[in-house]
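Topology and contacts: notes
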Amino acid sequence: VRARRIRAWGSLALLIVAATWRLTGQSQTQGLPVTYERLLAADKEPGNWLMYNSTYAGWRFSRLNQITTQNVKNLGVKWLFQGRHIEKFETTPLVVDGIMYLTRPENAIYALDALTGRQLWMYEYHNPERTFNCCGRVNRGLAILGNTLFMNTLDMHVIAIDAKSGREVWKTEMYDHTQAGGYAAPGAPLIVKDKLIVGMAGGERGVSGFLDAYDPKTGKLLWRFHTIPQPGEPNFGTWAGDSWKTGGASTWNAGAYDPDTNTLFWGTSNPWPGYNDDARAGDNLYSCSVLALNPDTGTLKWWYQFTPHDLHDWDATQNPVLIDTEFLGQTRKVLAWPQRNGFFYLIDRTTGKFMAAKAFVKQTWNNGFDYENNGRPEVIPGNDPTPEGNRNVWPGVDGGANWMAHSYSPLTKLMYVFAREERRVYTKNEIRHPTTENAPTGPTLAGAPPQIFNLARPPQFAPEESWGKAIAIDPATQNIKWEFRVVTAPWGGMMSTAGNLVFGGTLEGVIFALNATNGERLWTFASNGPVYGTAMSYLAGGKQFVSIPAGDLLITFGLD
Amino acid sequence: MSRLLRICSGVMACCCLVLFAVTARAQAPQNPALAGGQAASPIPATNPFTSEADIQQGSALFQTNCSYCHGSFGEGGRGADLTAGVYKRGGRDPELYVTIRNGIPGTEMSPMRITDDEVWKVVGFVKRLGSQGNLEKATGDAGAGRAVYQRSGCATCHQVGDEGGHLGPELTEVGRRRGLKFLTESVVKPEAEVPINYRAVQVVLKSGQTVTGIRVNRDDLSIQLRDTRDNFRSILMDGVQEVRYDKPSMMPAYASMNQKDLNDLIAYLNSLKGAQ
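Worth saying up front: this structure is predicted, and the values here are computed from it rather than measured.

1. Here we look at the side chain of A:Asn383
Residues and elements named next belong to chain A. In this structure, Asn383 sits in the loop between strand E24 (376-379) and strand E25 (390-393). Residue Asn383 is classed as buried on the basis of its relative accessible area, which comes to 6%. There is a polar contact of 3.1 Å between the side chain of Asn383 and the backbone oxygen of Ile380.

Dropping the structure here:
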C-alpha cells in the first residue's frame, strides 16, 4: 500500500513538474501569474523582462551575463519575427518564462515561443479609419499582471487580454479620441500595486492632458490626474485666458515607480500650440514637467518643470530613471533625466529639489539655472520660433533625447543615452482651433508611401550636419565619460547588460554592442531596417538572447 | 503651350498616378486594420476653396511653406517654376492637391503638414501663379547654348535624353524644374546648392589614398559612392581614416565663362522641358 501511495505521489509530482515545464525547458520557471510582488522584484528575474522599462526604476539593465565583451563577436541571428507591417516598430517585448509577448503596429499582440519565435497566439485590435496620432500609428508595448496583458490603443481604449489564450477580457474607453484635435494612446501602460496606470498623447492637437489609473480586474477608472490644473486648483493661473482648455501636456510615454517612497513618476509633453505662444502666456504648468504622484490616489506630491513656457516641443516624456548616486559627498536618491532640451538633470526624487543639470548635446537656449528658484532655467533670448523660421536653435525639435529609452548599469554606475545632435527650423505657425474636422492628417493620406521608408531630412541640411552619439554619463558629475558617434541622429534606445555591454541600433539599421566601460564597438549587424526601438534581453532554453526591432522585423540574436 | 502638350502632360500625370496607386497597393499591409487605416478619403474633383480670401490665405501659406524652394513669386529655384502652369504630376485640382498634400516621393518635395483645407487654398494660389505665364524669359540663344554645352563637356556628367553621364543630375527636364537664376548660379557657383543625391564626398583611406565621388549611401559600417569614372564603390569604414565633405560639388565652377556663352547656355538649359 505504501509503495502504491509513493507511486501515486510520484506520479502526481511528475504531473506537476510536467505541467510547470515551460517551453524553455527550464525546470525552475514560474510562468504565470506575474504577481505584483514579482514586478517589484523584477530585477531578481533576469531571465524575464516583466515590464516595458524592465524594472520600476527604469534601468533597462539586464543582469544576464552569458553574452560578454569577450564572446559578443560571435553573436548571430537566431530567429526573426516578420511583422509585415509598414509602420515604425517601436515595441519593447515582454518575456515571461520562455514566452514573449509583443505588440506590432497598430494594436496587435503576439505571443511567441521565445526560443524559436514560433507564434502561439495573436490578438488584433481594429482601430477606426482615422486616428489622431502625431507620429505614426505605433504602439510601444504592454504591461502584465497576473495572467493578464494590458495594452493602450490609438483610439483611446485600454484593453485587457488573457495571456494564455489571447482572448479579450475587458475593454474600457479612456476618452473620446475625436475630441479637440484628437487623442491617442501609443505608450506602454504601467502596473503599480493594484492599479493600471495609463497615459495619453495629443500634445500637438490641442488636447487636455491627463494620467489615468484603472482597476486591472475590471477596467474601471479609479482616478484621473489632470496635467493642466483645472479652475480653482493650484497653478491654474499659469495659463493665460482659456488656453488651459487646449494646453496639451499629454503623458504619452511610460513612467516609473519608487516603492520606497510610494511615488509614481511620469513625464508630460509640450504645451499647445507648440510654436506659437501668443495666447498662452505663463509657465503653462504642468507641461514639460516630471510629476511625482501618489499612485493610490492620483494626488500630486511635487513637480519639476524642465522647460517653463516651452516653444520648442521639448517634451519631458523621457523614461524616468531612479538611481542612488554620490552627489557632493552624500548618497542621494535621484531621478536621472536626460531631457529633450539637451540637459542631463539630477532631481532629488524624495523632494523634487533640483540638484544639477549639464548639457550633453550642443544647446543655444540656456545660460544656467537659478538655484534660488529650484533650478529654473535662465533663458537666452533669440531662440524663439519666427514666422520666417529660426534656423539657429540647438537642440532641434526632436530634442537631444526623446522617448527612446536610456539605461543605467549598476556595474559601471554609468547612464547610457543615445543622444541627438541636431538643429532644425523653428517656425511660428498660425494658431488654428483644434478639431478633428480637417485636422492635419499627416503625409499618409491618399495613399502616400509609408513614412518608415521615407527618411529624407529637411533638404536645407547637408548629410552628416546632424549626427547621433551613444554616450555614457556619470550621474555623480553629469560628465560624459565616453562617446560613440553614429552617422544619423537616432530614434532607438539603449540597453546595458551584466556582460558589460551596451546595445543599440541606428536609423540606418546598424545594430551594435559597445563595451559599457569605454564605448568601444565590439559587434555590429547590418539589418538595413531603421531601428525605432530598444533592445531587451531574456533567457530561453537556458541561453541568453537579445531582441531588437529593426524595420518590420524583430531580430533575436544569440550565441551558438 | 500646345494642346498636344497638355494632352501628353495629362496622360503622363495619369500614368504617374496609376503607377503610384499600383505601388501603394503592392505595399499594402497584410494587417486589415492597417489597410483600413491607410484608406484614402475621396478627393473632390474641383477645389472647394477658391474665394479671393481663400487664395490670399493660400498665398500666405505658400510664403511660409513653399517659397524657400519655389520662390516668393513661384518663379522657381531649387523647386520647379510654377509660373508656366505646366506640372509634371498633373495640373488638375485633385492632382495638385495630391502633390502638395503628399509631396513627391524620392525628391526634395516633402509632404505639407497643414490641414486639408489649407492644402486646397495653396492649390488655388498655385493655379493663380500658373496662370500668369513664365515670369522669366531667357535672353540667350538656346541653339548657340547647345554648342556651349557640348564644347564645355557638360555631357560627361549630365544626361539629356538618352545621352550623357550620371555623375551629375539629369538635365532632360531641368528647364521645367529650375528657374533661370538657379540655373545661372548652378553653372557659375555649383557648390552653392547641391542636390542631396549629388553631394561630393572625399573618403580618405587609412592607406593614405583618397577616393572622391558622389555620395550614394552611408551608414556606420560602410559608405557607397559613385567614383569619377562612374563606377559604384563600396568602402568599409574599418579602412577609412576620414570622410570629408569640404568640396560639396564635383562640378567645376564656370565663373570665367563669358557673358554671352553663359546666357546662351542658360537659354539652352531653360529650353530643356523633357518629353513634350
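2. What about the nonpolar core?
Residues and elements named next belong to chain A. Judged by nonpolar contacts, the single largest core of 89 residues is most densely connected at Met100, Tyr101, Leu149 and Phe503. In terms of residue count, strand E5 (residues 108-113) provides more of this core than any other element does, five residues in total. Other than its neighbours up to four places away in sequence, Phe503 contacts Ile67, Val72, Leu75, Gly493, Met494, Met495, Thr497, Phe512, Ala513, Trp523, Ala535 and Val546. With 43 residues, the next largest nonpolar core counts Ala57, Phe344, Val361 and Ala419 among its residues.

3. A short note on the pairing of strand E20 (residues 330-338) of chain A
Residues and elements named next belong to chain A. The pairing of strand E19 (residues 321-327) with E20 spans seven bridges and is antiparallel. Across the sheet, residue Val321 finds its bridge partner in E20, namely Ala336. As consecutive antiparallel partners, E19 and E20 are separated by two residues, and within that stretch Leu328 has a phi angle of approximately 50°, a positive value. Pairing of E20 with strand E21 (residues 343-348) involves five bridges; the strand directions are antiparallel. Residue Trp337 lies in a different strand from E21, and its bridge partner there is Tyr345. In sequence, E20 turns back onto E21 through a hairpin of four residues, with Gly342 there showing a positive phi of about 100°.

4. Observations regarding the side chain of A:Thr91
Residue and element names in this part refer to chain A. Along the polypeptide, Thr91 turns up in the loop between strand E2 (76-82) and strand E3 (94-96). For Thr91, a relative accessible area of 0% puts it in the buried group. A distance of 2.9 Å separates the side chain of Thr91 from the side chain of Thr103, its partner in a polar contact. When sequence neighbours within four positions are dropped, the list of residues in contact with Thr91 reads Leu102, Thr103, Asn139, Arg140, Gly141 and Pro549.

5. Considering helix H10 (residues 259-271) of chain B
Residues and elements named next belong to chain B. Its 13 residues place the ends of H10 18 Å apart at the C-alpha level, agreeing with the 18 Å of an ideal helix rising 1.5 Å per residue. Contact partners of the buried residues in H10: helix H7 (142-151), strand E1 (159-160), helix H8 (174-177) and helix H9 (180-188). Looking at where H10 begins, the residue whose side-chain oxygen comes 3.1 Å from the main-chain nitrogen of Lys260 is Asn258.

6. Structural notes on the packing of H9(B) against H10(B)
Residue and element names in this part refer to chain B. Axis separation between H9 and H10 bottoms out at 10 Å; the angle between their running directions is 125°. As the angle between them shows, H9 and H10 are arranged oblique. Here H9 runs over H10; the crossing is right-handed. For the pair H9 and H10, contact is made by Leu180, Leu183, Thr184, Val187 and Val188 and by Leu262, Leu265, Ile266, Leu269 and Asn270, respectively. Of the residues belonging to the contact of H9 with H10, the class tally is eight nonpolar, two polar and no charged.

7. Regarding the sheet that holds strand E29 (residues 467-474) of chain A
Residues and elements named next belong to chain A. Pairing is antiparallel in the open sheet, where four strands are placed in the order E26-E27-E29-E30. The outermost strands of the open sheet, each flanked by one partner alone, are strand E26 (407-409) and strand E30 (479-486). The average angle at which neighbouring strand axes cross in this sheet is 25°, direction not considered. As defined by bridge partners, strand E27 (residues 414-421) adjoins E29 across seven bridges and the pair is classed as antiparallel. For Glu421, the partnering residue across the bridge sits in E29 and is Trp467.

8. Some details on the confidence of the model for chain B
Residues and elements named next belong to chain B. Chain-level pLDDT for chain B is 80 on average; 83% of the residues reach the 70-or-more range. Per-residue pLDDT, averaged within each element of chain B, yields its smallest value for helix H2 (residues 32-37) (30) and its largest for H7 (96). Within the model, the stretch residues 1-40 combines pLDDT values under 50 with 49 contacts to residues more than four positions away or in other chains. Across the interfaces of the predicted complex, the ipTM metric reaches 0.81, alongside a pTM of 0.82.

9. Remarks on the pairing of strand E14 (residues 221-226) of chain A
Residue and element names in this part refer to chain A. One ladder, built from five bridges, connects strand E13 (residues 210-214) with E14; its direction is antiparallel. Residue pairing for E14: Leu211 is matched across the bridge by Phe225. Counting the residues between successive antiparallel strands, the hairpin from E13 to E14 contains six residues, one of them, Gly219, with a positive phi of roughly 80°.

10. Section: the packing of aromatic side chains
Geometrically, a pair of aromatic rings is defined through the distance of the ring centres and the angle of the planes. All names here are of chain A. Evaluated as defined, the whole model comprises 38 aromatic pairs over all chains. Judged by centre distance (6.3 Å) and plane angle (40°), the ring pair of Phe225 and Tyr286 falls under tilted. One end of the pair, Phe225, is in strand E14; the other, Tyr286, is in the loop between strand E16 (263-267) and strand E17 (289-294), with 61 residues separating them in the sequence. Accessibility classification places Phe225 together with Tyr286 in one group, the buried group. Among the aromatic residues, those joined into a ring-pair cluster are Tyr304, Phe306, Trp314, Trp337, Phe343, Tyr345, Phe354, Trp365, Phe369 and Tyr371. For the cation-ring pair, Arg60 lies above Tyr52, with the distance from its terminal atom to the ring centre recorded as 4.6 Å. When the ring centre of Trp403 is taken as origin, the NZ or CZ atom of Arg140, which lies over that ring, is 4.4 Å away.

Basis of the calculations
Residues numbered from 1 in each chain as written. Chains lettered and ligands numbered in written order. Predicted model: local features only at pLDDT ≥ 70, side-chain atom pairs only at ≥ 80, totals over all residues. Heavy atoms only, no water. Helix = DSSP H or I, 4+ residues; strand = E, 2+ residues; numbered from the N terminus. Buried < 20%, exposed > 50% of the residue type's maximum accessible area, 1.4 Å probe, protein only. Polar contact = N/O pair within 3.5 Å; in protein donor to acceptor, adjacent residues only side chain to side chain. Core = buried A, V, L, I, M, F, W, Y, C linked by side-chain atoms within 4.5 Å. Contact = heavy atoms within 4.5 Å. Pairing = 2+ DSSP bridges. Expected span 1.5 Å × (residues − 1). Axes fitted to C-alpha atoms, helices over the stretch in contact; angles between N-to-C directions. Parallel < 35°, antiparallel > 145°, perpendicular 65-115°, else oblique. Left-handed = near helix turned anticlockwise from the far one by under 90°. Nonpolar A, V, L, I, M, F, W, Y, C, P; charged D, E, K, R; others polar. pLDDT = per-residue confidence, 0-100. Phe/Tyr/Trp six-rings, centres within 6.5 Å; stacked < 30°, edge-to-face > 60°. Lys NZ or Arg CZ within 6 Å of the ring centre and 35° of its normal.

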